[in-house]
Amino acid sequence: MPVIGCGCPVCHSLDYRDKRLRSSVHLAVNDISLVIDSGPDFRQQMLRERIMKLDAILFTHEHKDHIAGLDDVRAYNFLQRKSMPVYGTTAVHKQLQTEFYYAFEEHKYPGIPQLDLTEIKDQDFTVDGVTITPLPVLHLNLPVMGFRIGDFSYITDANHIPESTFEKLKGTKVLALNALQREKHASHFNLSEALEVASKIGAEQTYFLHISHRLGTHKAVEKELPDSVALAYDGLTIEL
Ligand SMILES: [Zn+2]
Ligand SMILES: [Zn+2]
Ligand SMILES: [Zn+2]
């Protein structure tokens, strides 16, 4: 937000919290620096937050708004003099190999992104000693991975959470969850569904993300939410 060419009051809002780049989160776990998804705004987000070091990227799924910015890891390849570890399902890797084909050619042109793909399944894995629990969810019929790291859980682009994933979310203190708009949507939770899911999971604090201009302004929507739920906004920082 704003949406190109849209004249709605949300897209015209002057509140900085109504300026939303594509969804992503940076995690600092001790001195390990991770990012979940590198959408089209990845470069701008890394610059804004002054992320000087990046140890790995985890992908939730292969949609363009979650992967399109991957080319810009070149800056970290250059700074850190190594390939970027990239974690995702087989489907994600296949899509990366299609969209960023030039990074996987046998004879590589100099200066292209260097990626080191590791396949993940529905099983805990570690990145530089940080344990990560994948949280499988569905996005219409597309499998998407959420991720739990300690007491923080991140789920985006879901409209269905299986019981086995609710089990894995037990006891999470902070939850990030997608809530697109008020109207029903084919592949994303709407506001009322997201509120229901948030209350079922029962985190101390839930933040909604992947928000469309159709939801309303940050200020107006926040007034309707229970104390334990808030809208995320670009640049929001939380400590656990
Ligand atoms: Zn709009
Ligand atoms: Zn998606
Ligand atoms: Zn998305």
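Quick caveat: nothing in here was measured; it's all calculated off a predicted structure.

1. Topic: the pattern of salt bridges
Now for step 1: In total, this model carries 16 salt bridges according to the counting rule given.
Now for step 2: The closest approach of N and O atoms between Asp-15 and Arg-17, which form a salt bridge, is 2.8 Å.
Now for step 3: With a shortest N-O distance of 2.8 Å, Lys-53 and Asp-55 are connected by a salt bridge.
Now for step 4: Salt bridges sharing partners connect three or more residues here, namely Arg-48, Glu-49 and Asp-234.

2. Overview of the layout of surface pockets
Now for step 1: Quantified by volume, the largest pocket comes out at close to 1400 Å³.
Now for step 2: Of all the secondary-structure elements, those providing two or more residues to the lining of the largest pocket are β1 (25-29), α1 (42-48), β9 (152-155) and β11 (205-209).
Now for step 3: Here the element with the most residues in the lining of the largest pocket is β1; it accounts for 5 residues.
Now for step 4: Its boundaries defined by the atoms lining it, the second largest pocket holds a volume of some 210 Å³.
Now for step 5: Every residue lining the second largest pocket is listed: Phe-42, Arg-43, Met-46, Leu-47, Arg-50, Ile-51, Met-52, Asp-72, Arg-74, Ala-75, Tyr-76 and Leu-79.
Now for step 6: Residue assignment for the lining of the second largest pocket shows that the elements contributing at least two residues are α1 and α3 (74-80).
Now for step 7: Partitioning the lining of the second largest pocket into residue classes produces 8 nonpolar, no polar and 4 charged.

3. Quick look at the coordination of the zinc ion (ligand 1)
Now for step 1: Here the zinc ion (ligand 1) is held by Cys-6 (SG), Cys-8 (SG), Cys-11 (SG) and His-213 (ND1), and the distances to it run 2.0 to 2.3 Å.
Now for step 2: Here the zinc ion (ligand 1) binds 4 donor atoms, and the angle range of 106 to 114° at the metal identifies the geometry as tetrahedral.
Now for step 3: Counting residues between consecutive donors of the zinc ion (ligand 1) along the chain gives the motif C-x1-C-x2-C-x201-H.
Now for step 4: A relative accessible area of 22% places Cys-6 in the partly exposed class.

4. Thoughts on the coordination of the zinc ion (ligand 2)
Now for step 1: Taken together, His-61 (NE2), His-63 (ND1), His-139 (NE2) and Asp-157 (OD) make up the protein donors of the zinc ion (ligand 2), found 2.2 to 2.3 Å from the metal.
Now for step 2: Seen from the zinc ion (ligand 2), its 4 donor atoms lie at angles of 88 to 172°, and the figure they make is irregular.
Now for step 3: Mapping the donors of the zinc ion (ligand 2) onto the primary sequence gives the spacing H-x1-H-x75-H-x17-D.
Now for step 4: A separation of 3.5 Å is found between the zinc ion (ligand 2) and the zinc ion (ligand 3), which share Asp-157 as a coordinating residue. Separated by 76 residues along the polypeptide, His-63 in the loop between β3 (56-58) and α2 (64-67) and His-139 in strand β7 (residues 130-139) bring together distant segments of the chain.
Now for step 5: Residue classification places His-63 among the partly exposed positions, given a relative accessible area of 33%.

Rules of the game
Residues numbered from 1 in each chain as written. Chains lettered and ligands numbered in written order. Predicted model: local features only at pLDDT ≥ 70, side-chain atom pairs only at ≥ 80, totals over all residues. Heavy atoms only, no water. Salt bridge = Lys/Arg side-chain N within 4 Å of Asp/Glu carboxyl O. 1 Å grid on protein atoms, 1.4 Å probe; cavity = no way out; pocket = protein on both sides within 12 Å on 5 of 7 lines; lining within 4 Å. Points joined across faces, edges and corners; volume = space filled by probe spheres on them. Helix = DSSP H or I, 4+ residues; strand = E, 2+ residues; numbered from the N terminus. Nonpolar A, V, L, I, M, F, W, Y, C, P; charged D, E, K, R; others polar. Donors = N, O, S within 2.8 Å, 3.2 Å for Na, K, Ca; no water. Tetrahedral: all angles 85-135°; square planar, octahedral: opposite > 155°, others 65-115°. Buried < 20%, exposed > 50% of the residue type's maximum accessible area, 1.4 Å probe, protein only.

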